[in-house]
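Secondary and tertiary structure notes
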Amino acid sequence: RLAVNDVIVAGEGLATGQGDNWDNFDAMSVNNAGNYVFSGDTDGGSDVDEFIAYNGAIALREGDVIGSGALDGSVDALSINNNNEAVFIWDIDDAGGDIETLFYASDASNMVASTVALLSVGDLFDADGDNVADWIIDDFNASAGIGPGLDLAEDGLVYVEVAGTKRLK
């Protein structure tokens with residue numbers, strides 16, 4: 001069971017309110033106002049069972065389309081800040097296979113409408129601001145089990161460990 005401020009907000013086998021039941025839970029994050037996000041699986045079909053919930057209601061599901069592809073696989077990490085913004089890492093299926101992607105939701109209470117992709121594995125990254133890519137993103141090393149592996153500060157900075165390959169200029 002998941003509890004926030006000593007109140008059970010979800011439990012395995014309990015109804016999600018969307019025709020299925022909570023099955024298991026992965027990551028959770030709570031802000032100072034008591035708003036919270038969590039991820040996991042429902043007992044729904046394997047193509048729609050992974051989710052992110054906001055304040056106990058499913059906000060995004062596997063299969064939802066964000067930008068150029070559908071969310072697929074599992075949520076690797078997530079975080080909500082005190083401005084009620086959220087970030088999360090989830091694979092996106094863009095017809096060429098699954099691509100691990102870092103997403104930003106400007107309004108965690110309306111993730112479907114406010115989520116955009118920030119960075120994906122395979123993207124080029126300019127670390128020094130000279131408009132020339134310095135790195136190729138190889139992986140996000142955010143751990144949901146080790147303390148926050150992904151964090152979104154109130155000033156908009158995202159903290160996550162990223163693996164990359166240095167490009168020759």
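In this report, the structure presented in the accompanying data block is examined. Not measured: the values here are computed from a predicted model.

Quick look at the overall build of the protein
Within the protein, the regular secondary structure consists of one helix and 16 strands. Computed over its C-alpha atoms, the radius of gyration of the protein comes to 16 Å, within 12% of the 15 Å expected for a compact globule of 169 residues. Across its three principal directions, the C-alpha atoms of the protein cover 55 × 35 × 30 Å. Taken across its 169 residues, the protein has 41% of its residues classed as buried. Taking contacts inside the protein between residues at least 6 apart in sequence as the whole, the part at least 24 apart equals 36%.

Some details on the pairing of strand 3 (residues 22-30)
Within a regular beta strand, the side chains point alternately toward one face of the sheet and then the other, so they alternate between its two faces. Sheet analysis places strand 3 next to strand 4 (residues 36-42), joined by six bridges and oriented antiparallel. Bridge assignment links Phe-25 to a residue of strand 4, and that residue is Gly-40. Counted along the chain from strand 3 to the antiparallel partner strand 4, the turn is five residues long, and its residue Gly-34 has a positive phi close to 90 degrees.

Cut-offs and rules
Per chain, the residues get numbers from 1 upward, laid out in the order the sequence is written. Restriction of local features to residues with pLDDT of at least 70 applies here, the model being predicted, together with a cutoff of 80 or more for giving and counting side-chain atom pairs; totals for whole chains, interfaces and linings are based on all residues. With hydrogens and water stripped out, all remaining heavy atoms of the structure feed into the side-chain values. Secondary structure is summarised from DSSP: a helix means a run of H or I of at least four residues, a strand means a run of E of at least two, and numbering begins at the N terminus for each. The globule rule used for comparison is 2.2 Å times the number of residues to the exponent 0.38, while the radius of gyration itself is calculated over C-alpha atoms. Note on classification: 1.4 Å probe, protein chains only; a residue is buried when its accessible area is under 20% of the maximum for its type, exposed when over 50%, partly exposed between these limits. When checking whether two residues touch, look at their non-hydrogen atoms; a contact exists if any pair is within 4.5 Å. Between any two strands, at least two bridges found by DSSP are needed for them to pair.

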